[in-house]
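# Remarks on the overall topology
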Amino acid sequence: MTAVHYRGGRIFTASASGWAESMVVRGETVEYVGSTAEADRIEARVVDLDGAFVLPGFVDAHTHLVMMGEALEQVDLFSATSPEDIQDRLARAAADDPAAPRILGRSWLFDALGEQAPHRNLIDAVVPDRPVYLAANDVHSAWVNGAALRELGIDRDTPDPLDGRIGRDASGEPDGMLYETAALQLMRHFLDQQTSDADRDRALASAFRHYLADGVTTAVDMALSESELAALERALNGGRLPLRVAGHWLIERTGNTEDDLRQVERAAELSARLSGPWLRVAGIKVMVDGVIDTCTAAMKKPFADGSHPGPLWPLEALAPVVAAADAAGLQVAMHAIGDEASDIALSALEHAIEVNGPRDRRHRLEHLETVAPENVQRLAKLGAVASMQPVHADPAIQDNWRAMLGDDRVQRGYPWPEMTAAGAVLAFGSDAPTAPHPPLPNMYVATTRRSALNPDLEPNLPEYALPLAEALAHGTRDAAYACRWEGLTGQLAPGLAADFVVLDVDPFTEAPDALLRARVRQTFVAGKSD
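Throughout what follows, the structure given in this document is the object of discussion.

Criteria and thresholds
- Residues numbered from 1 in each chain as written.
- Predicted model: local features only at pLDDT ≥ 70, side-chain atom pairs only at ≥ 80, totals over all residues.
- Heavy atoms only, no water.
- 1 Å grid on protein atoms, 1.4 Å probe; cavity = no way out; pocket = protein on both sides within 12 Å on 5 of 7 lines; lining within 4 Å.
- Points joined across faces, edges and corners; volume = space filled by probe spheres on them.
- Helix = DSSP H or I, 4+ residues; strand = E, 2+ residues; numbered from the N terminus.
- Salt bridge = Lys/Arg side-chain N within 4 Å of Asp/Glu carboxyl O.
- Buried < 20%, exposed > 50% of the residue type's maximum accessible area, 1.4 Å probe, protein only.
- Pairing = 2+ DSSP bridges.
- Contact = heavy atoms within 4.5 Å.
- Axes fitted to C-alpha atoms, helices over the stretch in contact; angles between N-to-C directions.
- Bend = angle between axes of the 7 residues up to and from the residue.
- Phe/Tyr/Trp six-rings, centres within 6.5 Å; stacked < 30°, edge-to-face > 60°.
- Lys NZ or Arg CZ within 6 Å of the ring centre and 35° of its normal.
- Expected span 1.5 Å × (residues − 1).
- Lys, Arg positive; Asp, Glu negative; His and termini not counted.

## Comments concerning empty space enclosed by the protein
In total, this model carries two cavities of 30 Å³ or more according to the counting rule given. Taken as a whole, the largest cavity encloses approximately 80 Å³ of empty space. Taken together, Phe-58, Val-59, Asp-60, Val-216, Phe-428, Gly-429, Ser-430, His-437, Pro-439, Asn-442, Met-443 and Gly-475 make up the lining of the largest cavity. Elements with a contribution of two residues or more to the lining of the largest cavity: β8 (58-63) and α15 (439-448).

Okay, here's the thing in structure tokens:
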């Protein structure tokens, strides 16, 4: 098998060696990384990088693949700046596809509505005849019109689902807002039933294409369902996917511990069957709380409006699920945005250790947007991974987030350096489609705390910015460690997979905004590039 010697550029390895002049790839594997003089001793075909910058393929430590692909086909409301702008986009979408049975939109921001509250009448004014479903940017709430409410069977007598809420106006009628499980389960399950396998396959293929074009070679899917896993298995071609996927099985709270534990058993069955280097069920995902933008996160103190919701998973319900997953050898990933949610999640991990005894676990807390200093220390002591998303700290989307907290808690938003200072592993991802998926703008936010959407904005708590080398390592090496694939990918080192990216600029030698201008020349997965 002929080896390939890549030389003539600069190689960031994300490994202990740091930098290299040359890299030799034989088949699917890195054979040598180091000096050009040594690499020249190996018989290989030479590829001149022509001054390009090479780094390991990005590992998106937290994403939702099928949802991301679906979102790419929906009405994009992320940049909408007013209710009228949202209405115009919906009206155009309805006119462009008059045969569509329903209109789906994504990524609207509360800030775009100004002083107005989202209400079904705002949508009905432009699309009264077809159901309209608009997922908020954080996906934890949705805004729908009257036709969608009727299609879902929601009226004034419909009870709120467990851990969710149906928004209602002063008269008690549904106002068109669905919060938490009302959106994530009631609405999502209905829309999933309207989605064909062909639709899901197309969405997944789209997500793969976009990721590869933007330099991502591994993705960790953080809310797998039966239909989404089936799409991934259908995508296997000769046992391979276009990029590597580790998945976490979503556990939905039922209110009955036995039913919750049956979902853990299903995850364990899938993990035993799917454990390869291309598709693996790594563990479970649990949503301990909601989000700050809709005041559904579990916080130690009330929100600015006086509301003070509890967790979606109280400790007494969470602890047996975490202990059972831990006993089965599954990784537990817990969505914990509020400071109270991380406290509950860590207590559940401590319970699992007490029940099952000491061993290497590598469980994860997802998001950690606000977390108390003492819980950063607990997280590190427990060996848990801090899985965080720099794009969520983009100043362009922080106004509503800050307003909902309304006090000094905003000064502890997204404290990435505290994690590594305490000794924890910090892994970066995007949480697409709640945020843009490309990793380079993600790294820009991480290293500057400035906005990738509007770089002219003031930085968001710049004291939490990271050096570029550390940020890249969190998005490659540490993200691979977080999904137990550090022996496979995430670094450019002998014996690991030849998963790497070639950029047209070197962000270490140019201004930070080079990360916004850089383009991916090629993405290699297992030594091959399409």
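## Re the pattern of salt bridges
Overall, the coordinates contain 39 salt bridges when judged by the stated rule. Taking the shortest distance from any N to any O, the salt bridge between Arg-253 and Asp-163 comes out at 2.8 Å. With Arg-253 in the loop between β16 (244-250) and α9 (257-273) and Asp-163 in the loop between α5 (146-152) and β13 (164-168), this residue pair connects regions lying 90 residues apart in the sequence. Asp-197 is the partner of Arg-234 in a salt bridge, and the nearest nitrogen-oxygen pair spans 3.6 Å. Of the two residues, Arg-234 is situated in helix α8 (residues 226-235) and Asp-197 in helix α7 (residues 197-213); the sequence distance between them amounts to 37 residues. For Asp-197, a relative accessible area of 41% translates into the label partly exposed.

## Observations regarding the sheet that holds β13
On the basis of which strands lie adjacent, the open sheet formed by six strands has the order β9-β10-β11-β12-β14-β13 and mixed pairing. Lying at the two open borders of the sheet, with one neighbouring strand each, are β9 (75-76) and β13. Note: strand β10 (residues 103-108) against strand β11 (residues 132-136), five bridges, orientation parallel. From the neighbouring strand, Gly-105 faces β11, where its bridge partner is Leu-134. Here helix α6 (residues 181-193) sits on the sheet in contact with β10, β11, β12 (141-144), β13 and β14 (174-180), set at roughly 100° to β14.

## Considering the sheet that holds strand β22 (residues 500-503)
Taken together, five strands build an open sheet; the order of strands is β3-β2-β7-β22-β23 and the sheet is mixed. The open sheet has two free edges, formed respectively by β3 (19-20) and β23 (520-524), since each of these has just one partner strand. By the bridge criterion, two bridges tie strand β2 (residues 10-12) to strand β7 (residues 53-56) in an arrangement that is parallel. Bridge pairing in β7 places Arg-10 opposite Phe-53.

## Comments concerning α6
Most pronounced at Met-187, the bend in α6 amounts to some 30°. For α6, the set of buried residues is Thr-181, Ala-182, Ala-183, Met-187, Arg-188, Phe-190, Leu-191 and Asp-192.

## Thoughts on the packing of aromatic side chains
For the coordinates displayed, the defined rule picks out 13 aromatic pairs. Relative to Trp-19, the ring of Phe-12 has its centre 5.3 Å away and its plane inclined at 65°; by these criteria the two rings are edge-to-face. Residue classification places Phe-12 among the buried positions, given a relative accessible area of 5%. The exposure class assigned to Trp-19 is partly exposed, which follows from its relative accessible area of 34%. Judged by centre distance (5.9 Å) and plane angle (45°), the rings of Phe-53 and Phe-508 are tilted. Of this pair, Phe-53 sits in strand β7 while Phe-508 sits in the loop between β22 and α18 (514-517), and the two are 455 residues apart along the sequence. What makes Phe-508 partly exposed here is its relative accessible area of 27%. Here Arg-280 stacks its cationic end above the ring of Trp-485, 4.8 Å away from the centre of that ring. Cation over ring: Arg-362 sits above Tyr-481, and NZ or CZ is 3.7 Å from the ring centre.

## Remarks on helix α10 (residues 315-327)
Taking 1.5 Å of rise per residue, the 13 residues of α10 would be expected to cover 18 Å, and the 18 Å separating its terminal C-alpha atoms lies within 8% of that figure. Considered for burial, the residues of α10 that qualify are Ala-317, Leu-318, Ala-319, Val-321, Val-322, Ala-323, Ala-325 and Asp-326. In this structure, the buried residues of α10 make contact with α9, β17 (279-287), β18 (331-336) and α11 (339-356).

## Concerning the side chain of Asp-394
Its location among the elements puts Asp-394 in the loop between β20 (385-388) and α13 (399-405). Although Asp-394 is buried, it forms no salt bridge, and the closest oppositely charged side chain is Arg-450 at an N-O distance of 10 Å. Beyond its immediate stretch of four places on either side in the chain, Asp-394 contacts Val-445, Ser-451, Ala-452 and Leu-453.

## Here's the deal with unusual backbone geometry
Omega for the bond connecting Ala-432 with Pro-433 falls within 30 degrees of zero, at 10°, which places this linkage in the cis form. Assignment of secondary structure puts Pro-433 in the loop between β21 (425-428) and α15. The phi dihedral of Val-139 is positive, around 70°, even though this residue is not glycine. Among the secondary structure elements, Val-139 is positioned in the loop between β11 and β12.

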